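What follows is each chain in one-letter form.
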Amino acid sequence: MADTQDDDSCLRVGVLAVQGGFSEHRVCLQKAFAILRDQFQTINGIGKLVVREVRTPGDLDESLGGLIIPGGESTTLGIVLERDGFGDKLRRWVNLGSKVTWGTCAGMIVLSDKIVDQRGAGQFAIGGLHISTSRNAYGRQVDSFQQIINIIDPQLKQSMLCDPVPDNTPPGGTVPTRAPPTCSDLNRGPGVFIRAPSLVDTHSDDIVTLATRNCPDREEGVEIVGIRQGLLIATSFHPELTTDLRWHAYFLRVVHDQRNRPTP
């Protein structure tokens, strides 16, 4: 795929487009960038965003600064990626150490170093995130749910790119899919969990908690639902199914900051 935009004024990211909500991610990225454009232009003249739909191994190249691996069915995702060396190239790309990768739901599963309830011969995995996850931790599709989450990371809090909601929405309360933005303050946001994975354990001090959800069944009272480890980001829920653009803005900021890092 040929992108015609000038490299010096263009931020390039990809969305893995073999299944799942890739089109929703694309829309959210464009909306978030429209808010960030003036700031990026002031810093280094970046005034354009190219979002490439990555459908083949050839679409994944060095020109992309970041990649989103959307949700969907993780087993199906693995079957597709095992063809034509796509999965191997994706592993190499993610593990270059210079690219930003964000996995949502199924994307979080395949980025995990350990999947505790794999099927048969094993779940396709890219790895890199030093965590253990459980697939479909909450049951089947009918058991999917929406819940207001707690935003922990200060940078994420400061990306206030959504409108307020009524103050009577309680923490941990439910909100409909594609609801209006649900962050009545900087500390809360909407979480849409569809056959969601669960983060079972972390295996590195490099894991930074971005968001949690209230979970009375757990001893600590909360469950981690968003993390970052270096240039790897993962969420067990679907920000692209809400109008809260902070997550996509956060991803673009990390890609932008990584682009601006001096070359060793």
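Scope of this entry: the structure provided in the associated data block. Bear in mind that the values here come from a model prediction, so they are computed numbers and not experimental data. (Residues numbered from 1 in each chain as written. Predicted model: local features only at pLDDT ≥ 70, side-chain atom pairs only at ≥ 80, totals over all residues. Heavy atoms only, no water.)

### A look at the nonpolar core
Our working rule: Among buried residues, the Ala, Val, Leu, Ile, Met, Phe, Trp, Tyr and Cys ones that are joined through side-chain atoms within 4.5 Å form a nonpolar core. Burial classification: accessible surface area is computed with a 1.4 Å probe over protein chains only, and a residue below 20% of its type maximum counts as buried, one above 50% as exposed, and the rest as partly exposed. We count a stretch as a helix when DSSP gives it H or I for four or more residues in a row; a strand needs E for two or more, and each element gets its number in order from the N terminus. Whether two residues touch is decided by their heavy atoms; if any such pair falls within 4.5 Å, the residues are in contact.
Of all hydrophobic cores here, the largest spans 37 residues; its most connected members are Leu29, Trp247, Phe251 and Leu252. Elements supplying a minimum of two residues to this core: β1 (10-16), α1 (22-44), β2 (48-54), β4 (100-104), β7 (145-151), β10 (208-214) and α6 (246-259). Setting aside its immediate chain neighbours within four residues, Phe251 contacts Val13, Leu29, Gly66, Leu67, Ile68, Val100, Trp102 and Ile233. Leu111, Ile126, Leu129 and Ile131 belong to the second-largest nonpolar core, a separate cluster that totals 24 residues.

### Thoughts on helix α2 (residues 74-81)
Counting along an α-helix, one turn takes 3.6 residues, and residues three or four places apart therefore face a common direction. Put simply, the rule is: When we speak of the arc, we mean the arc of directions from the helix axis to the C-beta atoms.
Listed as buried for α2 are Ser74, Leu77, Gly78 and Leu81. Buried residues of α2 fall within an arc of 100° about the axis and therefore sit on the same side. Contacts made by the buried residues of α2 are with β1, β3 (66-69), α3 (86-94) and α4 (106-111).

### Thoughts on the layout of surface pockets
As a reminder, the rule being used: Only protein atoms enter the 1 Å grid used here. Points where a 1.4 Å probe fits but cannot escape make up a cavity, open sets with protein on both sides within 12 Å along at least five of seven lines make up a pocket, and a residue lines them when an atom lies within 4 Å of a point. Grid points are joined across faces, edges and corners, and a volume is the space filled by probe spheres set on the points. Here the term charged refers only to Asp, Glu, Lys and Arg, the term nonpolar to Ala, Val, Leu, Ile, Met, Phe, Trp, Tyr, Cys and Pro, and the term polar to all other amino acids, Gly among them.
Within this model, the largest pocket holds a volume of roughly 260 Å³. Lining the largest pocket are 13 residues, and of these Ser63, Leu64, Gly65, Lys99 and Arg259 lie nearest its centre. Taken as a whole, the second largest pocket spans an internal volume of roughly 210 Å³. Taken together, 17 residues make up the lining of the second largest pocket; nearest its centre are Gly71, Gly72, Glu73, Ile194 and His238. Grouping the amino acids of the lining of the second largest pocket by side-chain chemistry returns five nonpolar, eight polar and four charged.

### Brief notes about the sheet that holds β2
For sheets, the rule is that strands pair by backbone hydrogen bonds, running either parallel or antiparallel. As a reminder, the rule being used: Each pair of strands is called paired provided DSSP finds at least two bridges between the two strands. The convention used is that axes are lines fitted to C-alpha atoms, helices contributing only their stretch in contact, and that angles between N-to-C directions extend from 0 to 180 degrees.
Taken in spatial order, the nine strands make up an open sheet running β2-β1-β3-β4-β12-β11-β10-β7-β8, and their pairing is mixed. The two strands at the open ends of the sheet, each matched to only one other strand, are β2 and β8 (188-193). For this sheet the average axis-to-axis angle between neighbouring strands, irrespective of direction, equals 25°. As judged from the three bridges shared by β1 and β3, these two strands associate in the parallel manner. Residue pairing in the sheet places Val15 in a bridge with Ile68 of β3.

### Things to note about the packing of α1 against α6
So the rule is basically this: If an angle is under 35 degrees, it is roughly parallel; if it is over 145, roughly antiparallel; if it lies from 65 to 115, roughly perpendicular; otherwise it is oblique. By definition, any crossing whose near helix is turned counterclockwise from its far helix by less than a right angle is left-handed, and any crossing with a clockwise turn is right-handed.
Two elements in contact, α1 and α6, have axes separated by 8 Å at closest approach and are oriented at 45°. One way to sum up the angle between α1 and α6 is to call them oblique. Crossing hand, α1 versus α6: right-handed. On α6, the residues that touch His25, Cys28, Leu29, Ala32, Phe33, Leu36, Gln39, Phe40, Ile43 and Asn44 of α1 are His248, Ala249, Phe251, Leu252, Arg253 and His256. Its residues assigned to classes, the contact of α1 with α6 comprises ten nonpolar, five polar and one charged.

### A few points about the packing of aromatic side chains
To describe a pair of aromatic rings, one takes the distance between the centres and the angle between the planes. Applicable threshold: Put simply, two rings from Phe, Tyr or Trp (the six-membered ring, in Trp's case) pair if the centres are within 6.5 Å, and we call them stacked under 30 degrees between planes, edge-to-face over 60, tilted for the rest.
Summed over all chains, the structure comprises five aromatic pairs. Pairing Phe145 with Phe193 gives two aromatic rings, centres 4.8 Å apart and planes at 10°, and the pair type is stacked. Residue Phe145 is found in strand β7, and its partner Phe193 is found in strand β8; the two are separated by 48 residues along the sequence. Neither residue differs from the other here; Phe145 and Phe193 are each classed as buried. Members of the aromatic cluster, connected to one another through ring pairs, are Phe145, Phe193, Phe237 and Trp247.

Scope: geometric values only; no functional claims are made or implied.
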